[in-house]
Amino acid sequence: MTATKDADHHTTVIKIPEAVGVFDSFEDLQKAFYDLRMVGFSRYDISLLGAEDTLKEKLGTAYWRSPELEDDPDAPRAAFVSEEAIGELEGGIAGGFFFLGSYVAMAAMLTAASTLAASIAAIAIGGVPAAVIGALLARRVGQHHKDYYAKQIEHGGILLWVRVKDKEHEDLATKIMKEHSGRDVHVHGWSE
C-alpha cells in the first residue's frame, strides 16, 4: 500500500489490479455491469467516476476528460446505480408523498362528525397535491441521474473500474467490457 500526501487531500493506493474502460453510452455500461455481476464480480469491486462536485473538490476546477482520469488514483469513485433502482426510488418518492398527504387529510377528517363522502373527498384533495409534489421531486432525481452520465459522456465517456484478484478475472473483466463497447480497456496494478 502506498500513499500520496498533498495539502488538500490524502490518497491511499492499494496494490490490487484493476480493469478500467470507457463507455460512450449508459446502456452499454449497464450491460457490462450486469454481465460482470452475473459472472461473480461483487458490486463493491465495481465503481464509476464520482459526481462533478466531488471531482471539483478532489481535483480542483480544471477541465477534466475521462481518458485523463482512467489511471489517476485521485479520481473520485462512485457506486453504479441502475435504471431500475432509480425507477424504484422515483416510485417511492411519489407514492410516499401521496400517502403522506392522504394520511394527513384522513386524520383530519375521520372524526365522529364527518361523513364518509367528506372523508374520501379530503383524502383525494390532500393526496393529489402531495402526489404532484412527489412526482416532481421524483422526476428531478431521475433527471439528476441522467445528467450525471451525460456530463461524463460530454467529458470523454463514462469510466468503469473493476477490481480483479487474478489474471483469470483480469481477462474476464476486460473481455466483458470490450464486448459491450468499452474502449481503452486495460488493467493497472493498483486501485483506490
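Everything numeric in this text was worked out from a predicted model, so none of it was measured. (Residues numbered from 1 in each chain as written. Predicted model: local features only at pLDDT ≥ 70, side-chain atom pairs only at ≥ 80, totals over all residues. Heavy atoms only, no water.)

Trainee: I keep staring at helix α1 (residues 26-38) and nothing clicks. Help me out?
Mentor: Residues three or four positions apart in an α-helix share a direction because the helix packs 3.6 residues into each turn. With 13 residues, α1 should cover 18 Å at 1.5 Å per step; its first-to-last C-alpha distance of 18 Å lies within 8% of that length. Of the residues making up α1, those classed as buried are F26, L29, Q30, A32, F33 and L36. Projected down its long axis, α1 shows its buried positions confined to an angular sector of 160°, all on one face. G40 occupies a position one or two residues after α1 and carries a positive phi of about 115°. (Helix = DSSP H or I, 4+ residues; strand = E, 2+ residues; numbered from the N terminus. Expected span 1.5 Å × (residues − 1). Buried < 20%, exposed > 50% of the residue type's maximum accessible area, 1.4 Å probe, protein only. Arc of directions from axis to C-beta.)

Trainee: Would you mind showing me how to read the sheet that holds strand β4 (residues 46-49) here?
Mentor: Across a sheet, strands are paired by hydrogen bonds formed along the backbone, either parallel or antiparallel in direction. Taken in spatial order, the five strands line up as β5-β4-β6-β3-β7 in an open sheet, and their pairing is antiparallel. If you trace the sheet from one side to the other, it starts and ends with β5 (77-78) and β7 (183-188), each paired once. As paired elements, β4 and β5 share two bridges and run antiparallel to each other. Counterpart to L48 in the pairing with β5 is A78. Sheet strands in contact with α1 are β3 (18-23), β4 and β6 (158-163), and its direction is about 10° off that of β6. Contacts from helix α6 (residues 167-179) reach β3, β6 and β7 within the one sheet, and its direction differs from that of β3 by about 5°. (Pairing = 2+ DSSP bridges. Contact = heavy atoms within 4.5 Å. Axes fitted to C-alpha atoms, helices over the stretch in contact; angles between N-to-C directions.)

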